[in-house]
Amino acid sequence: MNVERKRETTPVLVAAVDNDRMALLALKGILPQLLPSSQWLWGTGDADEALDKALNPETRPKLLLVDMSLGEATGVSVCRKIRTRTDRVLLLGITAFSVETYAERIAAAGAQGIVPKADIPQLAQALCTVAAGGTFMPRPMASARSIASPVASRTSAASAPLASSVSSASLASPAGNPTFRTAIEAHRLLANGGTITPGRATGATDTSTPDSAVPATDRTTKLGAKEAETLYLLSRGMTYDQIATQWGVAASTVRTHAHRAVDKLGAHSLAHAIAIWLSR
């Protein structure tokens, strides 16, 4: 009886990595409403710090929220590094952009789901589902409410169905969407040197040579034209804003091209991706 009571009252330790300070403050503020059984552990905007804390038993959270855009690093690379090392941390991707942009790659990196920051009810559902050991794929959104404002977020969270349970049927991925795997299964696949192919059946592995063992000349052929051009211009000393002005697009679009290049090249950072590209 005492053991069961202790298990029920043990809080779910939650941490987050997001380079948007206001988003971190908002997440911390509304977490008790989104996941009543949780306890905020820490928040950081630095990918390396998040890795160190997530892999340290003294600062390791039960559930880590990972923003997809982290400056020079990417949320996908953070998830992959953590999942390769451990199955003790549940990983939930969060993004201000379309989840379709990142869903397949973060599933392949060993995360348990991804959810828009803007949809508070789905964020609550995702937290509850992943914290309970499940996986989560969000429904398409018809409208969104931003988490950027703490006041607005708390108002939205108050009306969210936080206490409702989410059936596995309601979380099933539509045809064409990637399949997220549990932390244990994803770790087993990645730790053994394999890769996760989101579209395949559970337990399937891709036995092809890992990216790290592929010559740079072969890896750079994976890049799209804009991704390659982004690395070229960055290598010439241009900033995201300067490239965006030159192309007539938003800086966030250029940053997305850069992050995709990092992931496709299997690089540890943007600087590493540029080095791989220059050595082709």
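(A) Looking closely at the packing of aromatic side chains. Enumeration over the complete set of coordinates arrives at 1 aromatic pair. Sitting over the ring of Trp247, Lys226 keeps its end group 3.9 Å from the ring centre.

(B) Examining the packing of helix H10 (residues 225-235) against helix H11 (residues 240-247) more closely. Where H10 contacts H11, the two axes come as close as 10 Å, and the packing angle between them is 125 degrees. Taken together, the axis directions place H10 and H11 in an arrangement best described as oblique. Here the hand of the crossing between H10 and H11 comes out right-handed. Where H10 approaches H11, its residues Lys226, Glu229, Thr230, Leu233 and Leu234 are matched on the opposing element by Tyr240, Ile243, Gln246 and Trp247.

(C) Representation of the pattern of salt bridges in the model. Applying the stated criterion across every chain yields a total of 7 salt bridges. The partner of Glu49 in a salt bridge is Lys53, and the shortest N-O contact between them spans 3.0 Å. Of this pair, Glu49 and Lys53 both sit in helix H3 (residues 47-55), 4 residues apart, which is roughly one turn of that helix. Between Arg105 and Asp263 there is a salt bridge, with the nearest N and O atoms lying 2.8 Å from each other. Of the two residues, Arg105 sits in helix H5 (residues 103-108) while Asp263 sits in helix H12 (residues 251-265), which places them 158 residues apart along the sequence. Each member of the pair, Arg105 together with Asp263, is buried.

(D) Seen up close, the pairing of strand S3 (residues 63-67). The buried fraction of S3 is high, at 5 of 5 residues. Of the two faces of S3, both are covered, the one formed by Leu63, Leu65 and Asp67 as well as the one formed by Leu64 and Val66. Pairing analysis gives 4 bridges linking strand S1 (residues 12-17) to S3, with the strands arranged parallel. Of the residues in S3, the one forming a bridge with Ala15 is Leu64. Strand direction decides the pairing type here: S3 and strand S6 (residues 90-95), joined by 5 bridges, are parallel.

Conventions we followed
Residues numbered from 1 in each chain as written. Predicted model: local features only at pLDDT ≥ 70, side-chain atom pairs only at ≥ 80, totals over all residues. Heavy atoms only, no water. Phe/Tyr/Trp six-rings, centres within 6.5 Å; stacked < 30°, edge-to-face > 60°. Lys NZ or Arg CZ within 6 Å of the ring centre and 35° of its normal. Axes fitted to C-alpha atoms, helices over the stretch in contact; angles between N-to-C directions. Helix = DSSP H or I, 4+ residues; strand = E, 2+ residues; numbered from the N terminus. Parallel < 35°, antiparallel > 145°, perpendicular 65-115°, else oblique. Left-handed = near helix turned anticlockwise from the far one by under 90°. Contact = heavy atoms within 4.5 Å. Salt bridge = Lys/Arg side-chain N within 4 Å of Asp/Glu carboxyl O. Buried < 20%, exposed > 50% of the residue type's maximum accessible area, 1.4 Å probe, protein only. Pairing = 2+ DSSP bridges.

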